[in-house]
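What follows is the residue order along each chain.
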Amino acid sequence: MDSGRAVLLIADIGGYTDYMSSHRMSLAHAEVNTGRMLERMIDAAPGFDLIEIEGDAAFLSLQVGDGDSDASIPEILDAAVAMHRAFHLERQYVTANLCPCKGCKGAADLKLKFVAHVGEVATQTIRDRIKLVGIDVIQVHRMLKNPVDIPEYVLFSEELYRTGDDAVTAPVREVSPDLEGFGRVRAYFVDVGDLEASPEPLPTPSWPKRIGQTFAAVGPGLPYMLGIRDTRRAASPQ
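Cut-offs used in this document
- Here the residue index of a chain counts from 1 through its sequence in written order.
- In keeping with the model being predicted, local features are shown solely for residues with a pLDDT of at least 70 and side-chain atom pairs are shown and tallied solely at 80 or more, while totals for entire chains, interfaces and linings include all residues.
- Side-chain measures here rest on the full set of heavy atoms in the structure, leaving out hydrogens and waters.
- Put simply, DSSP H or I for four residues or longer makes a helix, DSSP E for two residues or longer makes a strand, and each gets a number counted from the N terminus.
- Throughout, exposure labels follow a simple rule: accessible area from a 1.4 Å probe, protein chains only, divided by the maximum for the residue type, with under 20% read as buried, over 50% as exposed, and the rest as partly exposed.
- Residues count as neighbours in contact if any of their non-hydrogen atoms are within 4.5 Å of one another.
- Every accessible area reported is derived by Shrake-Rupley at a probe size of 1.4 Å, with residue values counting cover from the shown protein chains alone.
- Among buried residues, the Ala, Val, Leu, Ile, Met, Phe, Trp, Tyr and Cys ones that are joined through side-chain atoms within 4.5 Å form a nonpolar core.
- Two aromatic rings from Phe, Tyr or Trp, using only the six-membered ring of Trp, form a pair when their centres are within 6.5 Å; if the ring planes differ by under 30 degrees the pair is stacked, by over 60 it is edge-to-face, and anything between is tilted.
- Two conditions define a charge sitting above a ring: the NZ of Lys or the CZ of Arg must be within 6 Å of the ring centre, and it must be within 35 degrees of the ring normal.
- Salt bridges, as used here, are contacts in which a Lys or Arg side-chain nitrogen is within 4 Å of a carboxyl oxygen on Asp or Glu.
- A strand pair is defined by DSSP finding two or more bridges across the two strands.
- Residue-level confidence of the predictor is what pLDDT reports, using numbers from 0 through 100.

Describe the overall build of the protein, and please don't skip the residues or the numbers.
Tallying secondary structure elements over the protein gives 7 helices and 10 strands in all. Buried residues in the protein amount to 47% of all 238 residues. Relative to all contacts within the protein whose residues are 6 or more apart in sequence, the contacts with residues 24 or more apart total 74%. When the accessible surface of the protein is split by element, carbon and sulfur atoms take 51% of a total near 11900 Å².

Laid out in structure tokens, this is it:
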């Protein structure tokens with residue numbers, strides 16, 4: 001088991017529980033659509049290592065040296081902007097398809113939030129899969145439950161934020177979440193929408209694209225409808 005220092009980043013799709021419908025077709029399409037949104041998000045952050053898909057969230061990491069945490073904050077912000085745009089672009093494609101089910105049209109209500117922390121982690125490799133363990137891995141997962149009052153944000157732990165707060169040029173607000181097992185801590189967040197000075201509008205899907213997206217939901221959704229594949233299950237943090 002190797003150990004070292006790493007930045008830990010979780011990109012979490014908000015509204016996922018309400019999005020998942022008990023209707024078989026809607027559930028099947030929701031599974032496919034969520035997978036596509038997660039894939040686009042992950043592809044948009046090539047500098048980070050994907051550790052695990054945890055239901056509606058992607059858990060990523062970035063190895064850093066003892067004195068390099070400050071340099072990672074711009075990387076986190078850049079990754080958040082890129083992942084946020086990729087998520088909303090794919091979400092728009094999903095909602096523009098011709099299927100009227102909740103698993104497709106309900107995607108319009110989904111949001112994306114991020115939590116980030118830095119700390120010591122141990123790396124395990126089990127059957128070619130990398131897993132991170134340690135108290136800091138637990139803390140970043142606990143940060144998902146917080147009092148932030150906006151739907152889309154990047155929340156930094158105090159440990160990470162203090163390493164390079166001058167790199168955050170967007171308006172910053174402080175919160176004090178009470179984390180299970182850690183007590184009350186300080187954290188700092190920014191609105192993802194404030195990170196891009198002049199964001200380009202998302203392209204409008206063409207009719208051929210809308211038709212293609214409809215088949216992209218219907219075809220891959222069949223195994224879920226037939227019970228051949230299990231629905232997504234959120235992994236419990238540490």
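Having seen the structure, we can now continue with the description.
An account of the nonpolar core is needed here, citing residue identities and associated values.
Of all hydrophobic cores here, the largest spans 41 residues; its most connected members are Phe48, Ile76, Phe114 and Phe156. Sorting elements by how many residues they give to this core places helix 3 (residues 69-96) first, with 8 residues. Apart from the residues lying within four places of it in its own chain, the contact partners of Phe114 are Leu9, Ile10, Ala11, Ala80, Met83, His84, Tyr153, Val154, Leu155 and Val192. One finds Val115, Leu132, Ala187 and Phe189 within the second-largest nonpolar core, a separate group that totals 19 residues.

Explain the packing of aromatic side chains to me, and be specific about the residues and the numbers.
The full count for this structure, using the stated rule, is 3 aromatic pairs. On the basis of an interplanar angle of 70° and a centroid distance of 6.4 Å, the ring pair of Tyr153 and Phe189 is categorised as edge-to-face. Of this pair, Tyr153 sits in strand 6 (residues 153-157) while Phe189 sits in strand 10 (residues 187-191), and the two are 36 residues apart along the sequence. You can call Tyr153 buried: its relative accessible area is 3%. Phe189 sits in the buried class, given a relative accessible area of 2%. Taking NZ or CZ as reference, Lys209 lies 4.7 Å from the ring centre of Tyr93, over its face.

Lay out the environment of Leu27 with the relevant residues and their values.
Relative to the helices and strands, Leu27 resides in helix 2 (residues 24-43). In this structure the C-alpha to C-alpha distance between Leu27 and Cys104, which are 77 residues apart in sequence, comes to 9.6 Å.

Lay out the pattern of salt bridges in plain terms, naming residues and giving numbers.
One pass over the structure, following the stated rule, counts 10 salt bridges. Close ionic contact of Glu120 with Arg5 constitutes a salt bridge, the shortest N to O distance being 3.8 Å. Here Arg5 lies in strand 1 (residues 2-14) and Glu120 lies in strand 4 (residues 111-126), a separation of 115 residues in the sequence. On the basis of relative accessibility, which here comes to 22%, the residue Arg5 falls in the partly exposed class. Linking Asp149 and Arg173 is a salt bridge whose minimum nitrogen-to-oxygen distance equals 3.0 Å. Within this pair, whereas Asp149 is found in the loop between helix 5 (135-142) and strand 6, its partner Arg173 is found in strand 7 (residues 173-175), the two being separated by 24 residues in sequence.

Which residues make up the environment of Cys101, and what values do they have?
Along the chain, the position of Cys101 falls in the loop between helix 3 and helix 4 (102-105). For the pair Cys101 and Leu27, spaced 74 residues apart in sequence, the C-alpha separation works out to 9.2 Å.

Account for the pairing of strand 3 (residues 57-63), naming residues and giving values.
In terms of burial, strand 3 is largely enclosed, as 6 of its 7 residues are buried. The sheet contact formed by strand 1 and strand 3 spans 7 bridges and is antiparallel. When the sheet's bridge partners are listed, Ala6 is paired in strand 3 with Gln63. As judged from the 5 bridges shared by strand 2 (residues 49-54) and strand 3, these two strands associate in the antiparallel manner. Note that in strand 3 the partner of Glu52 across the bridge is Phe59. Turn length for the strand 2-strand 3 hairpin, with the two strands adjacent in sequence and antiparallel, is 2 residues, and the turn residue Gly55 shows positive phi of about 70°.

Hey, could you go over the confidence of the model for the protein for me, with residue numbers and the actual values?
Mean pLDDT over the protein works out to 86, with 86% of the residues at or above the 70 mark. Predicted confidence for residues 233-238 stays below pLDDT 50, and this span has 14 contacts to residues more than four positions away or in other chains.

Now, about the environment of Ala6: what can you tell me, with residues and values included?
Mapped onto the secondary structure, Ala6 falls in strand 1. Put simply, Ala6 and Val121 are 115 residues apart on the chain and 6.7 Å apart in space, counted from C-alpha to C-alpha. Excluding anything up to four places from it in sequence, Ala6 contacts Leu62, Gln63, Val64, His117, Val118, Gly119 and Val121.

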